[in-house]
Amino acid sequence: MNIKESLDKLKTLLGADASDALSIISDIERQNQDRDRAMKAANKESEERRIELEEKDAVIKSKDDEIAKTLSPEAKAEIAELRKVKEAHEALLTAKAAETLASWTEKAKLLSIDK
């Protein structure tokens, strides 16, 4: 038997003569209703948090999957190959810069005037 049913039964037993007791019982019923509303609100808030946490967990899992893909052996091999290409390109640029400097130094010798 729940609280409301118990209080209703008690009201019936007390009758109309016990107005103070009926007033107290009514207060108890209101407090019980307030508690029920508070519990329902808390449960709803808890449900919203649970849903939000599930969404965040899904995002974390997708990010973990992306990280796992970038750390795959194929990705590591591709990164190593790209580093080699970068080093070769930098070496080519350095050689070209040295060649250009040497060329202009040679031209400057031809144009220089000895005193």
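Here's a quick rundown of the structure. (Residues numbered from 1 in each chain as written. Predicted model: local features only at pLDDT ≥ 70, side-chain atom pairs only at ≥ 80, totals over all residues. Heavy atoms only, no water.)

### Some details on the overall build of the chain
1) Next: Helix and strand counts for the chain stand at 3 helices and 0 strands.
2) Next: Written out in order from the N terminus, the α and β elements of the chain read α-α-α.
3) Next: Its C-alpha atoms give the chain a radius of gyration of 42 Å, clearly above 13 Å, the size a compact globule of 115 residues would have.
4) Next: By principal-axis analysis of the C-alpha atoms, the chain measures approximately 135 × 40 × 10 Å.
5) Next: Counting only residues that meet the buried cut, the chain has 6% of its 115 residues in that class.
6) Next: Summing over all exposed atoms, the chain offers an accessible surface of approximately 10,400 Å²; the carbon and sulfur share of this is 60%.
7) Next: One way to put it: in the chain the 22 positive side-chain charges average out to a point 5 Å from where the 26 negative ones average out. (Helix = DSSP H or I, 4+ residues; strand = E, 2+ residues; numbered from the N terminus. Rg over C-alpha atoms; globule rule 2.2 N^0.38 Å. Buried < 20%, exposed > 50% of the residue type's maximum accessible area, 1.4 Å probe, protein only. Areas by Shrake-Rupley, 256 points an atom, 1.4 Å probe, with all protein chains shown as cover. Lys, Arg positive; Asp, Glu negative; His and termini not counted. Charge placed at Lys NZ, Arg CZ, Asp CG, Glu CD.)

### Side note on helix H1 (residues 3–14)
1) Next: For H1, spanning 12 residues, the distance from its first C-alpha to its last is 16 Å, which sits close to the expected 16 Å at 1.5 Å a residue.
2) Next: Directly after H1, the chain includes Gly15, whose backbone phi takes a positive value near 80°. (Expected span 1.5 Å × (residues − 1).)

### A word on the packing of H1 against helix H2 (residues 19–70)
1) Next: Two numbers describe how H1 lies on H2: the axes approach to 10 Å, and their chain directions differ by 170°. Between H1 and H2, the crossing angle belongs to the class labelled roughly antiparallel. Touching Ile3, Lys4, Leu7, Asp8, Leu10, Lys11 and Leu14 of H1 are Ala21, Leu22, Ile25, Ser26, Ile28, Glu29, Asn32 and Arg35, all from H2.
2) Next: When its residues are assigned to classes, the contact of H1 with H2 shows 8 nonpolar, 2 polar and 5 charged. (Axes fitted to C-alpha atoms, helices over the stretch in contact; angles between N-to-C directions. Parallel < 35°, antiparallel > 145°, perpendicular 65-115°, else oblique. Contact = heavy atoms within 4.5 Å. Nonpolar A, V, L, I, M, F, W, Y, C, P; charged D, E, K, R; others polar.)

### Regarding the pattern of salt bridges
1) Next: Here the structure, examined in full by the defined rule, presents 9 salt bridges.
2) Next: Here Arg35 makes a salt bridge to Asp36, at a shortest N to O gap of 3.2 Å.
3) Next: Look at Arg35 and you get partly exposed, because its relative accessible area is 44%.
4) Next: With a closest N to O distance of 2.3 Å, Glu47 and Arg50 form a salt bridge. Note that Glu47 and Arg50 are positioned in helix H2 at a spacing of 3 residues, about one turn of the helix.
5) Next: Arg50 sits in the partly exposed class, given a relative accessible area of 37%.
6) Next: Counted as one network, the salt bridges with shared partners bring together Glu47, Arg50 and Glu54. (Salt bridge = Lys/Arg side-chain N within 4 Å of Asp/Glu carboxyl O.)

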